[in-house]
Amino acid sequence: MEIFEHLARRDHEEVVFCSDTTVGLRAIIAIHNTTLGPALGGTRMWNYESEDEALRDVLRLSRGMTYKAAAAGLNLGGGKAVIIGDPNTMQSEELFRSFGRFVDGLGGRYITAEDVGTSVRVMEWVRMETDYVTGIDEELGGSGDPSPVTALGVFHGIRASAKYRWDTEDLTGKRVAIQGLGHVGYYLAKELHNAGAELIVTDIDEDKIRKVVREFGAEGVEHDDIYGVEAEVFAPCALGGVVNDETLQDFRFEIIAGAANNQLENEKVHGQALRERDILYAPDYVINAGGLINVANEMEGYHRQRALKQAGEIYNVLLAIFREADEQDVPTYQASNHLAEQRIKSIGHLKEIYSSHRFKSIDRRGLSQ
């Protein structure tokens, strides 16, 4: 892989390769853009088939975090980390404390949190070596598992999508197909069930399917069958790339609105294809921003009600994106990108104007000697 070519293609600022053979650590930290503030993004642990695959994933994910923070109105940049390894067998205090040392070495340019394959517990190990970590246990002053807030934001996003498509946010009797029943998918199923929706669900873990079927009266289906079920809404809540040339042939959905990152295998091609098929797509980094909003609140002193209120604003952000997409006759991903890029550009302009704030901050740290 031509690494610098990939960095230039997505305008990344920095990529750090972390290796500690003693504890088996192989990690990559990608910082995409820090115009709005330090890069905040979770650490994903996954058994990637190759180092190239891990690098491609972290580059895509970190860029998405830049747009996610900007669209959510947060003063944060975009970053992400991936650890190559099996999260079921390789997690250890030594490995994550070693990773924490690498995070700390970036001096606050990157702030980490939990993600796929990691948890509040392992973030506590990271915290033993650095202050630049969020998503820690409530007893330590954090917010705990961000999944319920992520799910709540997705639920509000589905309501907004329903309002725009059917002129009603009432989900009673609407069929929602959920792919992936991890923490976010489970809590989303609970929110939708309470709102009167009918659920069709799948996961690679059959125990998770059985649990949601038992608790919420859902219909369980095989993993690949979810793409062709009859449902008004498709909510991808697993890994990315699920909207592609193959799956598009099976879709009978009116709305795609879920928690997974990078749902479009090819943003331009498949974003346009959804528009041509009149399928309303809620851009993933907008609708799933609840988790980022939640952990970002830790940085200012966590107040859960404030985080929930901010996650609820995803509803209005999506409505604005849908309206702009129709007014400009462009796919919704393009409208959301424009929203995020305009905020980065306008706030970035402020850095060209002199401010004494930076020097006051230096004085407070006792560094202006």
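Our subject is the structure listed above.
This structure is a prediction, so every number in the text was calculated from the model and none was measured.

*Asks:* Provide a residue-level description of the overall build of the chain, including the pertinent values.
*Replies:* Looking only at helices and strands, one finds 15 helices and 12 strands in the chain. Against the compact-globule benchmark of 21 Å for 369 residues, the chain has a radius of gyration of 20 Å, which places it among compact chains. Once the C-alpha set of the chain is aligned to its principal axes, its extents read approximately 65 × 50 × 45 Å. Classification of the 369 residues of the chain by burial places 54% in the buried group.

*Asks:* Describe in detail a negative patch on the surface, supporting the description with residues and values.
*Replies:* Residues Glu 222, Asp 224, Asp 225, Asp 245, Glu 246, Asp 250 and Glu 265 make up a contiguous surface patch of negative charge. Tracing the backbone through its elements, the reader meets Asp 224 in the loop between β9 (219–220) and β10 (233–236). Given a relative accessible area of 57%, Asp 224 falls into the exposed group.

*Asks:* Outline the packing of helix α5 (residues 147–166) against helix α12 (residues 304–312), supporting the account with residue identities and numerical values.
*Replies:* It is the contact of α5 with α12, at a shortest axis distance of 8 Å, that shows an interaxial angle of 30°. Comparing their axes, α12 and α5 come out roughly parallel. Crossing of α5 over α12 shows right-handed handedness. Of the residues in α12, those in contact with Pro 148, Val 149, Leu 152, Gly 153 and His 156 of α5 are Arg 304, Ala 307, Leu 308, Ala 311 and Gly 312. Classifying every residue of the contact of α5 with α12 gives six nonpolar, three polar and one charged.

*Asks:* A description of the pairing of strand β7 (residues 175–179) should follow, citing residues and the corresponding values.
*Replies:* Burial within β7 is extensive, with four of its five residues counted as buried. As judged from the five bridges shared by β7 and strand β8 (residues 198–202), these two strands associate in the parallel manner. Bridged to Ala 177 within β8 is Ile 200. In this view, the connection linking β7 to its parallel neighbour β8 by way of helix α6 (residues 183–194) has right-handed handedness. Here β7 runs beside β10; their pairing, made up of four bridges, is parallel.

*Asks:* Kindly report on the nonpolar core, identifying the contributing residues and their values.
*Replies:* Counting residues in hydrophobic clusters, the biggest one holds 61 residues, and the most contacted among them are Ile 178, Leu 188, Leu 192 and Leu 199. With eight residues, the top contributor of residues to this core is α5. Leave out the neighbours within four places in its chain, and Leu 192 touches Phe 155, Ile 158, Leu 171, Val 176, Ile 178, Ala 197 and Leu 199. Core analysis: the next-biggest nonpolar cluster, separate from the first, contains 22 residues, Cys 18, Ala 39, Ala 81 and Val 133 among them.

*Asks:* Go over the environment of Glu 232 with me, naming the residues and quoting the values.
*Replies:* With respect to the helices and strands, Glu 232 occurs in the loop between β9 and β10. Classification of Glu 232 as buried rests on a relative accessible area of 13%. Sequence separation between Glu 232 and Val 116 is 116 residues, and the spatial gap between their C-alpha atoms is 27 Å. Leaving out residues up to four positions away in the same chain, Glu 232 has contacts with Trp 166, Lys 174, Arg 175, Phe 253, Glu 254 and Ile 255. A distance of 2.8 Å separates a polar side-chain atom of Glu 232 from the backbone nitrogen of Arg 175.

*Asks:* Give a detailed account of the sheet that holds β7, specifying residues and quantitative values.
*Replies:* Hydrogen bonds between backbone atoms are what pair the strands of a sheet, whose relative direction is either parallel or antiparallel. The strand order across the open sheet built from six strands is β9-β8-β7-β10-β11-β12, with neighbouring strands paired in parallel fashion. Edge strands, defined here as strands with exactly one partner in the open sheet, are β9 and β12 (280–281). With two bridges connecting them, β8 and β9 associate as parallel partners. Residue Ile 200 lies in a different strand from β9, and its bridge partner there is Glu 219. Together, β7, β8 and β10 form the strand contacts of α6, whose direction differs from that of β7 by roughly 170°.

*Asks:* Please give an account of the packing of aromatic side chains that cites residues and values.
*Replies:* Going through the model one piece at a time under the given rule, you end up with 10 aromatic pairs. With a centroid separation of 6.4 Å and an interplanar angle of 40°, the aromatic rings of Tyr 227 and Phe 251 are classed as tilted. Of this pair, Tyr 227 sits in the loop between β9 and β10 while Phe 251 sits in the loop between α8 (245–248) and β11 (255–256), and the two are 24 residues apart along the sequence. Neither Tyr 227 nor Phe 251 differs from the other in exposure class; each is buried. Between Phe 234 and Phe 251, the aromatic rings sit 5.8 Å apart at their centres with planes inclined by 50°, giving tilted as the arrangement. One end of the pair, Phe 234, is in strand β10; the other, Phe 251, is in the loop between α8 and β11, with 17 residues separating them in the sequence. In terms of burial, Phe 234 and Phe 251 fall into one category: buried. The rings of Tyr 227, Phe 234, Phe 251 and Phe 253 are connected pair by pair, giving a single aromatic cluster. A cation sits over an aromatic face here: Lys 174 above Trp 166, 4.1 Å from the ring centre. Lying across the ring of Tyr 186, Lys 211 places its NZ or CZ 4.5 Å from the centre.

*Asks:* Describe the side chain of Asp 57, listing the residues and the values that go with them.
*Replies:* Assignment of secondary structure puts Asp 57 in helix α2 (residues 51–71). Take Asp 57: its relative accessible area is 18%, and that puts it in the buried class. If we ignore the near neighbours within four places in the chain, the residues touching Asp 57 are Arg 44, Tyr 48 and Val 82.

*Asks:* I'd love a proper account of the pairing of β10, names of residues and values included.
*Replies:* Burial along β10 is two-sided: the face carrying Val 233 and Ala 235 and the face carrying Phe 234 and Pro 236 are both buried. As judged from the two bridges shared by β10 and β11, these two strands associate in the parallel manner. The partner of Val 233 across the bridge, within β11, is Ile 255.

Parameters and conventions
Residues numbered from 1 in each chain as written. Predicted model: local features only at pLDDT ≥ 70, side-chain atom pairs only at ≥ 80, totals over all residues. Heavy atoms only, no water. Helix = DSSP H or I, 4+ residues; strand = E, 2+ residues; numbered from the N terminus. Rg over C-alpha atoms; globule rule 2.2 N^0.38 Å. Buried < 20%, exposed > 50% of the residue type's maximum accessible area, 1.4 Å probe, protein only. Patch = residues over 30% accessible without salt bridge, like charges linked within 9 Å, V, L, I, M, F, W, Y side chains within 5 Å. Areas by Shrake-Rupley, 256 points an atom, 1.4 Å probe, with all protein chains shown as cover. Salt bridge = Lys/Arg side-chain N within 4 Å of Asp/Glu carboxyl O. Lys, Arg positive; Asp, Glu negative; His and termini not counted. Charge placed at Lys NZ, Arg CZ, Asp CG, Glu CD. Axes fitted to C-alpha atoms, helices over the stretch in contact; angles between N-to-C directions. Parallel < 35°, antiparallel > 145°, perpendicular 65-115°, else oblique. Left-handed = near helix turned anticlockwise from the far one by under 90°. Contact = heavy atoms within 4.5 Å. Nonpolar A, V, L, I, M, F, W, Y, C, P; charged D, E, K, R; others polar. Pairing = 2+ DSSP bridges. Right-handed = clockwise from strand over helix to strand, strands pointing away. Core = buried A, V, L, I, M, F, W, Y, C linked by side-chain atoms within 4.5 Å. Polar contact = N/O pair within 3.5 Å; in protein donor to acceptor, adjacent residues only side chain to side chain. Phe/Tyr/Trp six-rings, centres within 6.5 Å; stacked < 30°, edge-to-face > 60°. Lys NZ or Arg CZ within 6 Å of the ring centre and 35° of its normal.

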